[in-house]
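A look at the structure
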Amino acid sequence: MSNIIREIEAEQLKESVSKFNVGDTVKVYGKIKEGNRERIQIFEGTVLKMQGGSNRATFTVRKNSNGIGVEKTWPLHSPNVEKVEVVRRGKVRRAKLNYLRDRVGKKAKVKELVK
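The protein chain appears in an unreviewed UniProt entry as Large ribosomal subunit protein bL19 from Kineothrix alysoides. Taken directly from UniProt, the Function (unreviewed entry) text for the protein chain runs: "This protein is located at the 30S-50S ribosomal subunit interface and may play a role in the structure and function of the aminoacyl-tRNA binding site." Looking at the protein chain in UniProt, the text filed under Sequence similarities (unreviewed entry) is "Belongs to the bacterial ribosomal protein bL19 family."

Right, let's talk about unusual backbone geometry for a bit. In this structure, Asn66 takes a positive phi of about 55 degrees despite not being glycine. Residue Asn66 is classed as exposed on the basis of its relative accessible area, which comes to 80%.

Moving on, we get to the packing of aromatic side chains. Scanning the model with the defined rule gives two aromatic pairs in all. Centre to centre, the rings of Phe20 and Phe59 are 5.0 Å apart; their planes meet at 70 degrees, and the pair counts as edge-to-face. Residue Phe20 is found in the loop between α1 (2-12) and β1 (25-34), and its partner Phe59 is found in strand β3 (residues 58-65); the two are separated by 39 residues along the sequence. Here Phe20 falls in the buried class, since its relative accessible area comes to 5%. Since its relative accessible area comes to 0%, Phe59 is described here as buried. The ring of Tyr29 is capped by Lys83, whose NZ or CZ atom sits 4.8 Å from the centre of that ring.

Let us look at the nonpolar core. If you look at the biggest cluster of nonpolar residues, it comprises twelve residues: Phe20, Val26, Val28, Phe43, Val47, Ala57, Phe59, Val61, Trp74, Leu76, Val81 and Val84. Elements supplying a minimum of two residues to this core: β1, β2 (37-51), β3 and β5 (81-88). Excluding its chain neighbours within four sequence positions, the residues that come into contact with Val84 are Ser18, Phe20, Val26, Lys27 and Phe59. With five residues, the next largest nonpolar core counts Val22, Leu97, Leu100 and Val110 among its residues.

Let us now look at the pattern of salt bridges. Applying the stated criterion across every chain yields a total of nine salt bridges. Two residues, Arg101 and Glu71, come together in a salt bridge whose shortest N-O distance is 2.7 Å. With a gap of 30 residues between them, Arg101 in the segment after β5 and Glu71 in strand β4 (residues 68-75) connect regions that are remote in the sequence. On the basis of relative accessible area, Arg101 is assigned to the partly exposed category, the value being 34%. Taking relative accessible area as the criterion, Glu71 reaches 30% and is therefore assigned partly exposed. In this structure, Glu85 engages Lys83 in a salt bridge whose closest nitrogen and oxygen atoms are separated by 3.9 Å. Overall, the relative accessible area of 42% leaves Lys83 in the partly exposed class. Each of Glu34, Arg37 and Arg39 takes part in a single network of salt bridges with overlapping partners.

Scoring rules and cut-offs
Residues numbered from 1 in each chain as written. Predicted model: local features only at pLDDT ≥ 70, side-chain atom pairs only at ≥ 80, totals over all residues. Heavy atoms only, no water. UniProt positions renumbered as here; feature names shortened; annotations may be inferred. Buried < 20%, exposed > 50% of the residue type's maximum accessible area, 1.4 Å probe, protein only. Phe/Tyr/Trp six-rings, centres within 6.5 Å; stacked < 30°, edge-to-face > 60°. Helix = DSSP H or I, 4+ residues; strand = E, 2+ residues; numbered from the N terminus. Lys NZ or Arg CZ within 6 Å of the ring centre and 35° of its normal. Core = buried A, V, L, I, M, F, W, Y, C linked by side-chain atoms within 4.5 Å. Contact = heavy atoms within 4.5 Å. Salt bridge = Lys/Arg side-chain N within 4 Å of Asp/Glu carboxyl O.

This is how it looks when you write it as structure tokens:
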């Protein structure tokens, strides 16, 4: 039974997924359906957390819009996610950045990873 489930999940995986981590600033190109037409909308923010594995993997992106924090959780292998583009790499020491929700201004920034 579990082999059947694994085969179905393997078919749903995307061939190429861009590599990014928690703390990175990313642009998520998401497909939006309005009536009978479809367009791509860009959501740019910091990756707060990544969860799950296989085709159930999700990631949460947070941005500030007009002084209000907005978070969206995206399925990594969803057909509604066109691509994920890394704007800058972040230097963090945690897997989940929930503490950023309470912070405003410069305190809410993540240091850039310099290689």
